[in-house]
Amino acid sequence: IFLFEDATGIPSTLDARTVSRYSAPFPTGVTCMKLIVGALAVALLAGCATSPTPSSEAKQAPASQLSAYQVKPSGAYGTLQVIRDSGQTGSLCAMAVFIDGKQAAKLEPGQKASFYLPPDSVSVGAAYTGSGICSMGAARVEREAIVKDGAIKKYRVFTGGDGQIDILPTTL
């Protein structure tokens, strides 16, 4: 039984038979569930983003997740360090890191990897990797990085509030 005010402002009641005759204002069953699930999804996704992880707090990715640029070159070289943010957004999927189009690592949230490169301009990129829902993510995002001799250049891989991944320089 539902209690409401009619047009005159007098409290009235509706039983299940009356509600079924006037079902438009009273969503039921699947319609009601869709509204609740939709509202919950919007509430959970609103403002979702990952949180920056300082290099000093990030965990070094294990060797099994690193696939390129791990040997220090003879002669001049610089270090490109990529740190993946922590947080729930996208945390079920590994993030592939690319250098000049070549996959160099897979990072989980809160991990970092260092790459040893000759001084030059390189393209550093990131994309979700894996199967299922992980393969349906955004296309790879790339940025230019300048590697300088003897210097460490840090980049942060993150997911913004809009759900898109990006990779940008950081000093953290």
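Being a predicted model, the structure only gives us computed values, none of them experimental.

Draft legend 1. Here's a closer look at the overall build of the protein chain. Of the regular secondary structure elements, the protein chain holds 2 helices and 11 strands. Mapped in sequence order, the helices and strands of the protein chain form the string β-β-α-α-β-β-β-β-β-β-β-β-β. For the protein chain, contacts bridging at least 24 residues in sequence account for 66% of all contacts bridging at least 6. In the form shown here, the protein chain has an accessible surface area of approximately 10300 Å², with 59% of it arising from carbon and sulfur atoms.

Draft legend 2. Geometry of the sheet that holds strand 3 (residues 59-60). In space, the 5 strands of this open sheet follow the order 3-7-4-10-11, with mixed pairing throughout. In the strand order of this sheet, the two ends are held by strand 3 and strand 11 (165-169), each with one partner.

Draft legend 3. Just the side chain of aspartate 85, in detail. Looking at the secondary structure, you find aspartate 85 in the loop between strand 4 (78-84) and strand 5 (94-99). By relative accessible area, which is 2% here, aspartate 85 ends up buried. Once residues within four sequence positions are removed from consideration, aspartate 85 is found in contact with Thr50, Ser51, Pro52, Thr53, Pro109, Gly110, Arg156, Val157 and Phe158.

Draft legend 4. View of the packing of aromatic side chains. Taken as a whole, this structure holds 1 aromatic pair when the rule is applied. Here tyrosine 77 and tyrosine 116 contribute two aromatic rings whose centre-to-centre distance is 6.1 Å and whose plane-to-plane angle is 85°, an arrangement assigned as edge-to-face. In this pair, tyrosine 77 sits in the loop between strand 3 and strand 4 while tyrosine 116 sits in strand 7 (residues 111-117), placing the two residues 39 residues apart along the sequence. With relative accessibility at 25%, the residue tyrosine 77 sits in the partly exposed group. If you follow lysine 102 out to its NZ or CZ, it ends over the ring of tyrosine 69, 5.6 Å from the centre. Above the ring of phenylalanine 98, the side-chain terminus of arginine 140 is found at 4.2 Å from the ring centroid.

Draft legend 5. Seen up close, unusual backbone geometry. One non-glycine residue with positive phi stands out, namely tyrosine 69, at about 60°. If you trace the backbone, tyrosine 69 turns up in the loop between strand 3 and strand 4. Notably, aspartate 100 is not glycine yet its phi reads approximately 50°, a positive angle. When you line up the elements, aspartate 100 lands in the loop between strand 5 and strand 6 (102-107).

Draft legend 6. Expanded view of the nonpolar core. Among the nonpolar cores identified, the biggest contains 29 residues, and Leu80, Val82, Phe115 and Val124 are the most heavily contacted of them. Only strand 4, strand 5, strand 6, strand 7, strand 8 (120-129), strand 9 (141-147), strand 10 (152-159) and strand 11 provide two or more residues apiece to this core. For valine 124, the residues in contact, after removing those within four places along its chain, are Leu80, Val82, Val97, Phe98, Val141, Glu142, Arg143, Ala145, Tyr155 and Ile167.

Draft legend 7. Molecular detail of the pattern of salt bridges. All chains considered together, the criterion is met by 3 salt bridges. With a closest N to O distance of 3.2 Å, glutamate 142 and arginine 140 form a salt bridge. Ionic pairing is found between arginine 143 and aspartate 166, a salt bridge with its closest N-O pair at 2.6 Å. With arginine 143 in strand 9 and aspartate 166 in strand 11, the pair connects residues that are 23 residues apart, well separated along the chain. For aspartate 166, a relative accessible area of 16% corresponds to the buried category.

About the criteria used
Residues numbered from 1 in each chain as written. Predicted model: local features only at pLDDT ≥ 70, side-chain atom pairs only at ≥ 80, totals over all residues. Heavy atoms only, no water. Helix = DSSP H or I, 4+ residues; strand = E, 2+ residues; numbered from the N terminus. Contact = heavy atoms within 4.5 Å. Areas by Shrake-Rupley, 256 points an atom, 1.4 Å probe, with all protein chains shown as cover. Pairing = 2+ DSSP bridges. Buried < 20%, exposed > 50% of the residue type's maximum accessible area, 1.4 Å probe, protein only. Phe/Tyr/Trp six-rings, centres within 6.5 Å; stacked < 30°, edge-to-face > 60°. Lys NZ or Arg CZ within 6 Å of the ring centre and 35° of its normal. Core = buried A, V, L, I, M, F, W, Y, C linked by side-chain atoms within 4.5 Å. Salt bridge = Lys/Arg side-chain N within 4 Å of Asp/Glu carboxyl O.

These results come straight from atomic positions and should not be treated as a statement about function.
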